[in-house]
Amino acid sequence: MTQNNNNDLLKDVNVCNNSLAIHNLSVLRDKDTPPEIFKVATKRLAYLILSDAVKDLPLKAIKVMTPLEEADAQILSPDYEIIIAPILRAALTLSQVLEDLLPTAKVYHIGLYRDEETLKPVRYYNKLPEKLSNPSKTKVFVLDPMFATGGSAIEAVNIFKELGIPEENICFVSLIAAPEGIHKFRKFHKQVKLVTGVVDKRLNDKGYIMPGLGDAGDRTFNTVK
Ligand code: PRP
Ligand code: URA
């Protein structure tokens, strides 16, 4: 991919430029960071990135009485249902953070793993209903810390598009993305909002993000072999 193509791709991705996010990303990258600190740093980074992801949720104007007088105010629009969709298993930490921010959201876990030989996503768990009551009034946040080849992201978004949710209502949130993954994703899902902590250099020949942070699931859950 040429440098120009990469720059065009980056324009299309919301990268969190917060200093605290950059700091916590460095903690995650460090191979000597132990799992308990890895989890805390993931939460801090996720909080900052997710704050970017939710910033355009639709609002509704209301009036509230302060202790002094009536005020014009706004609340999250009750016309929209919000879905949080963590891809198992590494996104569970991100999900905890977003569930705190959006306590009335529905949480649908998506079971996908990446076949280590083919690098293709394999579906193994999905508790979504067969039909949603109002797909055009549903906002979805699909979560996965690592956006590598893009296979898992493409497949997870497919699940929601199959339920009739328009692309503009879907946001895919990651901590680290690879240019190759973003490029492939855009061939399938042009309007889905992409929010991430950083776009790294490239993938290696095993589909790992470089420099990345290694295997996010194993480092989070202390299952590094
Ligand atoms: C990792 C990661 C993503 C996927 C990204 O999961 O959490 O889900 O790989 O790779 P891709 O963009 O090439 O599809 P993994 O399959 O290792 O499962 P795990 O979270 O259960 O460890
Ligand atoms: N999954 C991970 O956990 N890390 C990578 O770099 C790629 C896929």
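Remember, it's a predicted structure, so these values are computed and weren't measured experimentally.

(A) Seen up close, the packing of helix α3 (residues 35-53) against helix α4 (residues 92-101). Here α3 crosses α4 at 50 degrees, and the two axes come no closer than 9 Å. One element, α3, and the other, α4, form an angle in the oblique class. The two elements α3 and α4 cross, and the hand of that crossing is right-handed. For the pair α3 and α4, the contacting residues are K39, T42, K43, A46, Y47 and L50 in the first and T93, L94, Q96, V97, L98 and L101 in the second. Each residue belonging to the contact of α3 with α4 can be placed in one class, and the counts come to seven nonpolar, three polar and two charged.

(B) Spotlight on α4. Among the residues of α4, those classed as buried are T93, L94, S95, V97 and L98. Residues of α4 that are buried in the fold lie against α3, β4 (81-88), β5 (106-107), β8 (138-143), β10 (170-173) and α7 (216-221).

(C) Looking closely at the nonpolar core. Ranked by size, the top nonpolar core spans 38 residues in total, and within it L98, L102, F141, L143 and I176 carry the most contacts. Secondary-structure elements contributing two or more residues to this core are α2 (19-29), α3, β4, α4, β8 and β10. Looking at this core, the element that brings in the most residues is α3, giving eight residues. In contact with L98, other than residues within four places in its own chain, are L50, V54, I84, F141 and L143. Among the nonpolar cores identified, the runner-up in size contains 28 residues, and L9, I182, V192 and L194 belong to it.

(D) Focus on the side chain of T220. Here T220 is to be found in helix α7. T220 sits in the buried class, given a relative accessible area of 3%. For T220, the side chain forms a polar contact with the main-chain oxygen of A216, separated by 2.7 Å. Not counting residues within four places of it along the chain, the set of residues in contact with T220 comprises P35, F38, K39 and T93.

(E) Just the site of ligand 2, in detail. Ligand 2 sits among R114, M146, A148, G207, Y208, I209, G214, D215 and A216. Contacts to ligand 2 include G214, whose backbone N or O atom sits 2.8 Å from a nitrogen atom. A216 is positioned such that a nitrogen or oxygen atom in its backbone is 2.8 Å from an oxygen atom of ligand 2. Against a free-state accessible area of 240 Å², the protein chains account for coverage of 88% of ligand 2.

(F) Layout of the pairing of strand β6 (residues 110-114). Two strands pair when backbone bridges link them, and β4 and β6 are joined in this way by two bridges, in the parallel orientation. Note that in β6 the partner of L88 across the bridge is G111. Relative to strand β7 (residues 121-126), β6 runs antiparallel, the two sharing five bridges. Counterpart to L112 in the pairing with β7 is R123.

(G) Focus on helix α5 (residues 151-162). In a regular helix each residue adds 1.5 Å, so 12 residues correspond to 16 Å; α5 covers 16 Å between its end C-alpha atoms and thus fits that length. Across the 12 residues that make up α5, a large majority, nine, are buried. Residues of α5 that are buried include every one of G151, S152, A153, I154, E155, A156, V157, I159 and F160, and no others. Two residues or fewer past α5, G164 is found with a positive phi of approximately 90 degrees.

What counts, and where the lines are drawn
- Residues numbered from 1 in each chain as written.
- Chains lettered and ligands numbered in written order.
- Predicted model: local features only at pLDDT ≥ 70, side-chain atom pairs only at ≥ 80, totals over all residues.
- Heavy atoms only, no water.
- Axes fitted to C-alpha atoms, helices over the stretch in contact; angles between N-to-C directions.
- Helix = DSSP H or I, 4+ residues; strand = E, 2+ residues; numbered from the N terminus.
- Parallel < 35°, antiparallel > 145°, perpendicular 65-115°, else oblique.
- Left-handed = near helix turned anticlockwise from the far one by under 90°.
- Contact = heavy atoms within 4.5 Å.
- Nonpolar A, V, L, I, M, F, W, Y, C, P; charged D, E, K, R; others polar.
- Buried < 20%, exposed > 50% of the residue type's maximum accessible area, 1.4 Å probe, protein only.
- Core = buried A, V, L, I, M, F, W, Y, C linked by side-chain atoms within 4.5 Å.
- Polar contact = N/O pair within 3.5 Å; in protein donor to acceptor, adjacent residues only side chain to side chain.
- Near = heavy atom within 4 Å.
- Areas by Shrake-Rupley, 256 points an atom, 1.4 Å probe, with all protein chains shown as cover.
- Pairing = 2+ DSSP bridges.
- Expected span 1.5 Å × (residues − 1).

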